[in-house]
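Spelled out, the chains give:
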Amino acid sequence: MAHLWSGRFEGDPDAALVEFGRSFGFDRRLFEDDVRGSLAWAAGLERAGVLTSADAAAIQSGLQDVLAAGADPSFFNSPAADQDEDVHSFVERELVQRIGDAGRRLHTGRSRNEQVAVDLRLYLKRRIPELQRAVVETIDVLATSAETAGDALMPSYTHLRRAQPVLAAHFFLAHASAFRRDHARFATLLDEADELPLGSGAIAGTSYPIDVAWLAKTLGFSRIVRNSIDATGDRDIVASALFACSLTMVHLSRLAEDMILFTSEEFGFFELADTAATGSSLMPQKKNPDPMELVRGKAGRVIGRLAGWLATMKGLPIGYSKDLQEDKEALFEAEDTLRASLAATKAVVGGISINRGPAERAASGLLLATDVADYLVAKGVAFRDAHEIVGALVRRLVNERRSFDALTLEEWRSHSPLFDADVYQAVSAAASVGKKRTPQSTHPDAVANALAELRAFLRDLPGSSR
Ligand code: ARG
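Keep in mind the model is a prediction, meaning the values are calculated, not measured.

Caption draft 1: Region of interest: the nonpolar core. If you look at the biggest cluster of nonpolar residues, it comprises 112 residues, and the most contacted ones within it are Phe31, Met154, Phe186 and Phe270. Among the elements that line this core, the one with the most residues is helix α6 (residues 112-149), at 16 residues. Contact partners of Phe186, with chain neighbours within four places excluded, come to Ile128, Leu131, Gln132, Val135, Ala244, Cys245, Thr248 and Leu338. Counting 19 residues, the second largest nonpolar core, distinct from the first, contains Leu368, Val372, Val394 and Leu407.

Caption draft 2: Examining the pattern of salt bridges more closely. Per the counting criterion, the structure on display carries 42 salt bridges. Close ionic contact of Asp234 with Arg121 constitutes a salt bridge, the shortest N to O distance being 3.4 Å. Of this pair, Asp234 sits in the loop between α9 (228-233) and α10 (236-262) while Arg121 is found in helix α6, placing the two residues 113 residues apart along the sequence. Arg121 sits in the buried class, given a relative accessible area of 5%. Between Arg413 and Asp420 there is a salt bridge, with the nearest N and O atoms lying 2.6 Å from each other. Relative accessible area serves as the criterion here: at 38%, Arg413 is assigned to the partly exposed category. By relative accessible area, Asp420 is classed as partly exposed at 30%. Look at the salt bridges and you will find they share partners, linking Arg29, Arg127, Glu130, Glu335, Asp336 and Arg339 into a network.

Caption draft 3: Highlighting empty space enclosed by the protein. Applying the stated rule across the entire model yields 2 cavities of 30 Å³ or more. Here the largest cavity defines a volume of roughly 60 Å³. For the largest cavity, the full set of lining residues is Leu124, Arg127, Ile128, Leu131, Phe186, Leu189, Ala241, Cys245, Leu331 and Glu335. Contributions of two or more residues to the lining of the largest cavity are made by α6, α7 (168-192), α10 and α12 (327-350). Per-element tally for the lining of the largest cavity: the top contributor is α6, with 4 residues. Taken together, the residues of the lining of the largest cavity sort by class into 8 nonpolar, no polar and 2 charged. Taken as a whole, the second largest cavity encloses approximately 30 Å³ of empty space. Around the second largest cavity, the lining residues are Asp34, Ser38, His88, Val91, Glu92, Leu106, Arg110 and Gln115. Elements supplying a minimum of two residues to the lining of the second largest cavity: α3 (31-47) and α5 (87-99).

Caption draft 4: Layout of the side chain of Ser432. With respect to the helices, strands and loops of the structure, Ser432 is situated in helix α18 (residues 429-434). Every residue in contact with Ser432, bar those within four places of it in the chain, is listed here: Pro165, Leu368 and Asp371.

Caption draft 5: Geometry of the packing of helix α11 (residues 290-314) against α12. Contact geometry for α11 and α12: axes closest at 9 Å, N-to-C directions at 160 degrees. Viewed along their axes, α11 and α12 adopt a mutual orientation that is roughly antiparallel. Pair α11 / α12 crosses with left-handed handedness. Side by side, α11 and α12 meet where Pro291, Met292, Val295, Lys298, Arg301, Val302, Arg305 and Trp309 of the first sit next to Asp327, Glu329, Ala330, Glu333, Ala334, Thr337, Ser341, Ala344, Thr345 and Val348 of the second.

Caption draft 6: Structural context of the site of the ligand. What surrounds the ligand is the set Ser23, His88, Arg112, Asn113, Val116, Arg235, Tyr320, Gln325 and Lys328. Interatomic distance of 2.7 Å between a side-chain N/O atom of Gln325 and a nitrogen atom of the ligand. Here an oxygen atom of the ligand sits 2.4 Å away from a polar atom, N or O, in the side chain of Lys328. Here the ligand, which alone exposes 340 Å², has 87% of that area covered by the protein.

Caption draft 7: Representation of a nonpolar patch on the surface. Residues Leu4, Trp5 and Phe9 make up a contiguous nonpolar surface patch of roughly 280 Å² in combined accessible area. Within the fold, Phe9 resides in the segment before α1 (15-21). According to the relative accessible area criterion, Phe9 is partly exposed, its value standing at 48%.

Caption draft 8: Geometry of the environment of Leu310. Checked against the element boundaries, Leu310 lands in helix α11. Using a relative accessible area of 42% as the deciding quantity, one classes Leu310 as partly exposed. Taking the C-alpha atoms as reference points, Leu310 and Ala239, separated by 71 residues in sequence, lie 6.8 Å from one another.

Caption draft 9: Inspection of the packing of aromatic side chains at higher detail. Applying the stated criterion across every chain, the model contains 24 aromatic pairs. An angle of 40 degrees between the planes, with centres 5.4 Å apart, marks the rings of Phe262 and Phe269 as tilted. Of the two residues, Phe262 and Phe269, both sit in the buried class. When the centroid spacing of 5.5 Å and the interplanar angle of 15 degrees are considered together, the rings of Tyr375 and Phe419 count as stacked. Placement of Tyr375 in helix α14 (residues 369-378) and of Phe419 in the loop between α16 (409-415) and α17 (423-426) is noted, with a sequence separation of 44 residues between them.

About the cut-offs
Residues numbered from 1 in each chain as written. Predicted model: local features only at pLDDT ≥ 70, side-chain atom pairs only at ≥ 80, totals over all residues. Heavy atoms only, no water. Core = buried A, V, L, I, M, F, W, Y, C linked by side-chain atoms within 4.5 Å. Buried < 20%, exposed > 50% of the residue type's maximum accessible area, 1.4 Å probe, protein only. Helix = DSSP H or I, 4+ residues; strand = E, 2+ residues; numbered from the N terminus. Contact = heavy atoms within 4.5 Å. Salt bridge = Lys/Arg side-chain N within 4 Å of Asp/Glu carboxyl O. 1 Å grid on protein atoms, 1.4 Å probe; cavity = no way out; pocket = protein on both sides within 12 Å on 5 of 7 lines; lining within 4 Å. Points joined across faces, edges and corners; volume = space filled by probe spheres on them. Nonpolar A, V, L, I, M, F, W, Y, C, P; charged D, E, K, R; others polar. Axes fitted to C-alpha atoms, helices over the stretch in contact; angles between N-to-C directions. Parallel < 35°, antiparallel > 145°, perpendicular 65-115°, else oblique. Left-handed = near helix turned anticlockwise from the far one by under 90°. Near = heavy atom within 4 Å. Polar contact = N/O pair within 3.5 Å; in protein donor to acceptor, adjacent residues only side chain to side chain. Areas by Shrake-Rupley, 256 points an atom, 1.4 Å probe, with all protein chains shown as cover. Patch = residues over 30% accessible without salt bridge, like charges linked within 9 Å, V, L, I, M, F, W, Y side chains within 5 Å. Phe/Tyr/Trp six-rings, centres within 6.5 Å; stacked < 30°, edge-to-face > 60°.

Limitation: the analysis is restricted to geometry and does not speak to function.
Shown next as structure tokens:
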């Protein structure tokens, strides 16, 4: 079997080592990017006077045929393809098979080192918008949950202890805020990918007068890499992509954890749709949140790919090393896992309903202590003193297993003469959220504004039909 580099060697390489080095099993995913890069390269060679227009035309039409053949998945599984080292060898072999000698001129002045770099960037430029769309769908379902929640109240938690009442809508919008940062991070990633590496050769640049500015424009890149040594050995873009995927998975995992907790018997604020839960083979009563557990679990896999990839990069001398080939399985697995997890989360969150009674009951009681302190502050007490007074009151109520609403006016007054009958209206979950003032707060007007702003963001996205 001839390799792209067989000339230098006597006899065949060790079969097991060839198999060990092959990447076609996974880099075939770059097929259409590889062909697009080659189409542009052939045109670039022609412009540089390196290819005759007849050869360039033959290569272009041959590559178009190869691209068209790729629409059939079995194209990648022929006995010949089973011997190809990587997607670049595959495309070149298929091309030469179709057009003969002209095809053997395509690789003039080019290296696979820059070819794989340009393929990856083209791949990311077409796939990142797809991931962004999937993130947007998750944001959309959270916005709908916030709308459906209306004025439903629930407790918020710090240290996983009841903290203060919030609107359930505010809770859903909190998760949406994190995913909006992820969406923006993917946009930054698109910009990072927007550099043309071609013209770098194997490491030192190319000796043919290739118009890289024209090539960049043709392939839709807005910049050219700064340095050929860096460009051929740089896969920072993969690390950035793995980070963007990892952090989105972390956000999905935190949302999953909240769904698992809040749909449990212990919390009972939300109910999972029957379609989004699984049963137990043994315990008939079980309604398990398996999909959310899997999302939480799969976050570890993506974070592992990021950590693994950084470890692969850290010892490499500048310039290309074959270690870099490890980037693709990491990237593809992270991407696939994120995509599947976003879809699962969308399905589960879309089916959640709120148990208003239990959620609102859990939102009142001693977690209104801050509101009691604020009541005293409004009557002129220093906050530190108010905190002390209410702390003593809470200690008493905990001992007596009662809550604020059970106190008689006399009992209130035994803690401070400033308590009046209006304390009963002032100390409730609804009053608590109604007293918040800042735009990022859980005040119903602030939440309505936040929701409207989120809807406007979704509507104004390019290509949006929302
Ligand atoms: N499969 C290789 C990679 O992903 C392509 C570049 C191969 N270059 C080489 N000199 N072996 O990095």
